[in-house]
Amino acid sequence: MTWKGWLFMAFAWSVIIALFSWCFYKVLTLPVRGNRGGSQTQD
Amino acid sequence: MAQQTGRNAGPRRERWASNIGLVLAMAGNAVGLGNFLRFPVRAARFGGGAFMIPYFVSFLLMGIPLMWVEWAIGRFGGRFGHGSTPGMFHRMWKHPLAKYIGVLGLFAPTVIMIYYSYIESWTLAYALRAFLGRLPHPPTAEAFGGNIEEYLKPFSDFFGGYAGPSAGDAFTNFSRGGGTWRWWLCIAVFLVCMGLNVWVLARGVARGIELLAKVAMPLLFLFAFVLVARVLTLGHPVSPAHSPLQGIAYVWEPQFYLDKCSYCGNTLVPKDGGLECPKEPEKHPVTDHQKTFVLTDGTTWLEAAGQIFFTLSLGMGAIPTYASYLGPDEDVVLSGLATSSANELAEVVLGGSIAIPSAAAFFGLNLTKRIAATYGTFGLGFIVLPALFRMMPFGDFLAGIWFLLLFFAAFTSSVAMAQPAMAFFQDELGWKRETAAVVLGLFFFLSTQLVIFFSGVLDEMDFWAGSFTPVVFSMVELFVFLWIFGSDRAWEEIHRGAAFEVPRIFHDIGKYFTTFFLAVVLIFWFKERITGLLTASPTVWMARAFMAVLLLVLLGAIHYAFEVRRAKV
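Being a predicted model, the structure only gives us computed values, none of them experimental. All residue numbers here refer to positions counted from 1 along the written sequence of the relevant chain. Each chain gets a letter, beginning with A, and each ligand a number, beginning with 1, in the order they are written. Residue-level local features of this predicted model are given only where pLDDT is at least 70; pairs of side-chain atoms are given and counted only at 80 or more, and the full residue set underlies all totals for whole chains, interfaces and linings.

1. A closer look at the overall build of chain B
Logical step 1: A run of DSSP states H or I qualifies as a helix once it reaches four residues; a run of E qualifies as a strand once it reaches two. Both are numbered from the N-terminal end. From N to C terminus, chain B includes 22 helices and four strands.
Logical step 2: When we talk radius of gyration, it's over C-alpha atoms, and the globule rule is simply 2.2 Å times the number of residues to the 0.38. In terms of C-alpha radius of gyration, chain B reaches 23 Å, essentially the compact-globule figure of 25 Å for 569 residues.
Logical step 3: For chain B, the C-alpha atoms occupy an extent of roughly 75 × 50 × 45 Å along the three principal directions.
Logical step 4: C-beta atoms are placed from the backbone for every residue, and two residues are taken to be in contact when these atoms lie within 7 Å. The long-range share in chain B, meaning contacts at least 24 apart out of those at least 6 apart in sequence, stands at 80%.

2. Focus: the overall build of chain A
Logical step 1: The secondary structure content of chain A amounts to one helix and zero strands.
Logical step 2: Every one of the 43 residues in chain A was classed for burial, and the buried ones make up 16%. For every residue, the other C-beta atoms within 10 Å of its own C-beta are counted; 20 or more classify it as buried, 12 or fewer as exposed, and values in between as partly exposed. C-beta atoms are placed from the backbone.

3. Focus on the interface of chain B and chain A
Logical step 1: Residue-level contacts link 44 residues of chain B with 29 residues of chain A.
Logical step 2: Of all elements in the fold, only helix 1 (19–30), helix 3 (49–79), helix 9 (205–232), helix 10 (244–252) and helix 13 (333–350) of chain B reach the threshold of two or more residues within the side of chain B that touches chain A.
Logical step 3: Looking at which element gives the most residues to the side of chain B that touches chain A, the answer is helix 13 of chain B, with 10 residues.
Logical step 4: Gly falls in the polar group here, along with every residue not listed as nonpolar (Ala, Val, Leu, Ile, Met, Phe, Trp, Tyr, Cys, Pro) or charged (Asp, Glu, Lys, Arg). Tallied by class, residues from the side of chain B that touches chain A come to 22 nonpolar, nine polar and 13 charged.

4. Here's the deal with the confidence of the model for chain B
Low pLDDT means the predicted atomic positions in that stretch should not be read closely.
Residue and element names in this part refer to chain B.
Logical step 1: The share of residues in chain B with pLDDT of 70 or more is 92%, and the mean pLDDT across the chain is 87.
Logical step 2: One number per residue, pLDDT, summarises how confident the predictor is, and it ranges from 0 to 100. For chain B, per-element mean pLDDT is lowest for strand 2 (residues 269–271), which scores 75, and highest for helix 12 (residues 318–323), which scores 97.
Logical step 3: In this model, residues 1–9 is a region of pLDDT below 50 whose contacts with residues beyond four sequence positions or in other chains number 12 contacts.
Logical step 4: In this model, residues 165–179 is a region of pLDDT below 50 whose contacts with residues beyond four sequence positions or in other chains number 40 contacts.
Logical step 5: Confidence metrics for the complex model read pTM 0.90 and ipTM 0.86.

5. Side note on unusual backbone geometry
All names here are of chain B.
Logical step 1: The phi torsion at Ser313 lies on the positive side, around 55°, for a residue other than glycine.
Logical step 2: By the element assignment, Ser313 lies in the loop between helix 11 (298–312) and helix 12.
Logical step 3: Using a count of 30 C-beta atoms within 10 Å as the deciding quantity, one classes Ser313 as buried.
Logical step 4: For Phe394, which is not a glycine, the phi torsion comes out positive at approximately 55°.

6. Digging into the environment of Ser447(B)
Logical step 1: Here Ser447(B) is to be found in helix 18 (residues 433–453).
Logical step 2: Taking the C-alpha atoms as reference, Ser447(B) lies 9.2 Å from Val111(B); in sequence the two are 336 residues apart.

7. What to know about the packing of helix 3 of chain B against helix 19 (residues 457–484) of chain B
A packed helix pair is summarised by two numbers, namely the angle formed by the two axes and the spacing between the axes.
Residue and element names in this part refer to chain B.
Logical step 1: Where helix 3 contacts helix 19, the axes come no closer than 10 Å and their chain directions differ by 65°. With respect to helix 19, the axis of helix 3 lies roughly perpendicular. Handedness of the helix 3/helix 19 crossing: left-handed. In contact with Leu66, Val69, Glu70 and Ile73 of helix 3, helix 19 contributes Ser474, Glu477, Leu478 and Phe481.
Logical step 2: Residue composition of the contact of helix 3 with helix 19, by class: five nonpolar, one polar and two charged. Helix axes are fitted to C-alpha atoms over the stretch in contact, other axes to C-alpha atoms as well, and angles between N-to-C directions run from 0 to 180 degrees. In what follows, roughly perpendicular refers to angles from 65 to 115 degrees, roughly parallel to angles under 35, roughly antiparallel to angles over 145, and oblique to any angle outside these ranges. Should the near helix be turned anticlockwise from the far one by less than a right angle, the crossing is termed left-handed; should it be turned clockwise, right-handed.

8. Focus: the nonpolar core
Residue and element names in this part refer to chain B.
Logical step 1: Formed by 199 residues in total, the largest nonpolar core has its most connected members in Trp402 and Leu405.
Logical step 2: Here this core takes 22 residues from helix 17 (residues 395–428), the largest share from any one element.
Logical step 3: The residues touching Trp402, leaving out its near neighbours within four places in the chain, are Leu227, Leu385 and Phe389. We define a nonpolar core as a collection of buried residues of the types Ala, Val, Leu, Ile, Met, Phe, Trp, Tyr and Cys that are connected via C-beta atoms lying within 7 Å of each other.

9. Things to note about helix 15 (residues 365–374) of chain B
All names here are of chain B.
Logical step 1: Among the residues of helix 15, those classed as buried are Thr368, Lys369, Ile371, Ala372 and Ala373.
Logical step 2: Buried residues along helix 15 sit against helix 2 (33–45), helix 10, strand 2, helix 14 (355–363) and helix 16 (376–390).
Logical step 3: Immediately downstream of helix 15, the backbone of Gly376 shows phi near 75°, a positive value.

10. Section: the packing of helix 8 (residues 183–203) of chain B against helix 18 of chain B
Residue and element names in this part refer to chain B.
Logical step 1: In contact at an axis separation of 8 Å, helix 8 and helix 18 are set at 160° when each is read in the N-to-C sense. Classified by the angle between their axes, helix 8 and helix 18 sit roughly antiparallel to one another. In this structure, helix 8 meets helix 18 at a crossing whose hand is right-handed. In contact with Met194, Asn197, Val198, Leu201 and Ala202 of helix 8, helix 18 contributes Arg433, Glu434, Ala437, Val438, Gly441, Phe444 and Phe445.
Logical step 2: In terms of residue class, the contact of helix 8 with helix 18 is built from eight nonpolar, two polar and two charged.

11. Some thoughts on the environment of Glu150(B)
Logical step 1: If you trace the backbone, Glu150(B) turns up in helix 7 (residues 148–163).
Logical step 2: Distance in space between the C-alpha atoms of Glu150(B) and Pro138(B) is 9.7 Å, their sequence separation being 12 residues.

12. Topic: the environment of Trp13(A)
Logical step 1: By secondary structure assignment, the location of Trp13(A) is in helix 1 (residues 3–28).
Logical step 2: Residues Trp13(A) and Thr2(A), spaced 11 residues apart in sequence, show a C-alpha to C-alpha distance of 17 Å.

13. What about helix 22 (residues 538–568) of chain B?
All names here are of chain B.
Logical step 1: Helix span, expected: 1.5 Å multiplied by one less than the number of residues in the helix. Over its 31 residues, helix 22 runs 45 Å from end to end, which matches the ideal 45 Å to within 8%, given 1.5 Å per residue.
Logical step 2: Looking only at helix 22, the buried set comprises Ala543, Met547, Leu554, Ile558 and Ala561.
Logical step 3: Check the buried side of helix 22 and you find it contacts helix 4 (85–92), helix 5 (98–101), helix 6 (104–131), helix 17, helix 18 and helix 19.

Quick look at the structure:
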């Protein structure tokens with residue numbers, strides 16, 4: 001693979017891994033809002 | 001019976017139990033067979049790194065805005081007790097027709113589930129047989145004698161014995177598999193799959209779907225990491241000239257100019273030091289091939305946009321349904337982005353590093369190009385990959401986790417495809433959850449018989465429900481949410497309880513660019529596919545008739561549900 005291929009792949013992987021890590025860190029630390037618990041069935 | 005909440009007009013409904021569970025369930029919906037099989041083949045065939053440019057443009061300007069729109073529509077509908085798009089559209093657009101247009105968000109996932117559950121059963125059956133060491137074991141020497149077709153033949157026959165030559169006539173072809181499949185085993189595995197789906201659906205959103213996602217998604221990623229690690233450390237297993245890095249290069253090396261067949265537009269593949277058309281090598285001579293610049297090629301853009309649709313499960317009705325189980329002030333911006341990023345990690349980083357690189361390591365790059373062009377998605381996953389694992393130490397175990405990975409990917413997607421109909425039965429018709437799950441399970445089991453016994457039905461359903469309807473329905477969603485409901489109200493709705501603010505530029509991108517982009521995709525789609533639609537086999541017409549009847553039944557059910565609701569009011 002040429003340097004252009006490596007560069008492009010490294011860039012794409014970095015962006016995706018960074019985005020994934022940041023999003024999941026934020027999701028895990030997101031304050032729980034609303035009425036959680038999942039037991040509110042309709043019937 | 002339903003109770004009223006204090007703040008909202010809708011009945012009290014189920015909710016997700018945790019943020020991470022919701023995101024994993026949404027990611028489970030999005031991550032499917034397409035991430036590990038369809039993506040690497042598409043990327044490699046349409047310019048490698050150059051394909052990734054329209055792919056990422058489509059992701060950024062179409063995928064993410066649509067993802068936020070679908071999440072916001074779903075949470076908005078859920079506030080009024082609607083978990084399926086007919087009710088959501090009814091709330092967003094005060095027009096008598098609105099609820100009927102929403103039928104597309106019920107039709108697409110229901111039809112997809114009919115054939116998807118069957119494919120899901122293949123993955124489970126293959127996983128079981130791999131772990132038991134019951135996949136074909138031809139002498140690996142044949143693979144290196146130059147005749148790859150001969151080496152792949154037992155795997156091809158094995159697959160043909162289950163799925164038939166066109167993935168449609170499984171149970172009529174048992175003898176083709178050399179007696180390796182028994183019909184009752186196929187039925188039993190399919191029943192187990194359907195039973196698992198019904199069980200998860202009957203347990204509900206938090207105790208069923210969310211729990212499944214919390215178990216299946218980490219395992220899926222773990223299996224994928226194990227396989228990627230194994231493939232990238234293969235070294236030079238056959239010849240110093242072949243390595244997995246060549247496969248990585250094939251997926252990622254930007255090829256701005258592609259040699260295309262001037263007859264059918266397919267990318268030409270290597271053949272005896274030259275090139276040939278992978279579709280019709282005899283009828284389409286290579287002397288007529290042309291160089292095409294990837295970034296101005298409509299087909300490449302169409303493929304990239306189509307892959308984004310397919311991989312993020314957009315326009316299929318499942319995302320709004322899942323989002324309807326959010327609280328009215330719970331974030332959708334971060335969660336939607338987290339779902340998209342998890343899907344991209346599974347697809348671009350992991351999916352692109354398993355199938356093609358392992359094929360390149362054993363078969364070499366030229367043969368891998370031919371395989372990518374001729375075997376297709378199912379052939380790569382169910383024929384080529386098991387054959388490759390056979391040549392590695394602990395091959396049965398690796399094949400087992402490969403198919404288990406595919407099974408988890410399919411399972412988490414199939415419950416998502418069934419949930420819009422579940423929500424419709426529960427929210428609009430007032431059915432109990434368990435009743436709805438059992439009725440749906442029976443319906444899917446019986447309908448899938450069409451896919452099993454009649455060749456061509458699967459492909460036809462996939463075209464209309466898996467390719468065509470999502471693009472149309474996404475257009476409708478954008479139009480209703482951004483143009484009728486109003487882009488400022490939509491912007492406000494998306495930002496209600498948001499963990500961060502979306503750059504304002506996305507307001508205009510969503511309203512103008514994404515709508516325009518989708519319209520262009522749709523026009524190209526029609527142009528490419530319209531020819532040949534009328535000249536179809538009787539079974540294809542039967543599939544179309546079935547889908548038309550299903551659409552009418554769903555429209556009737558919507559009419560009935562809303563008439564009953566109106567009478568009660």
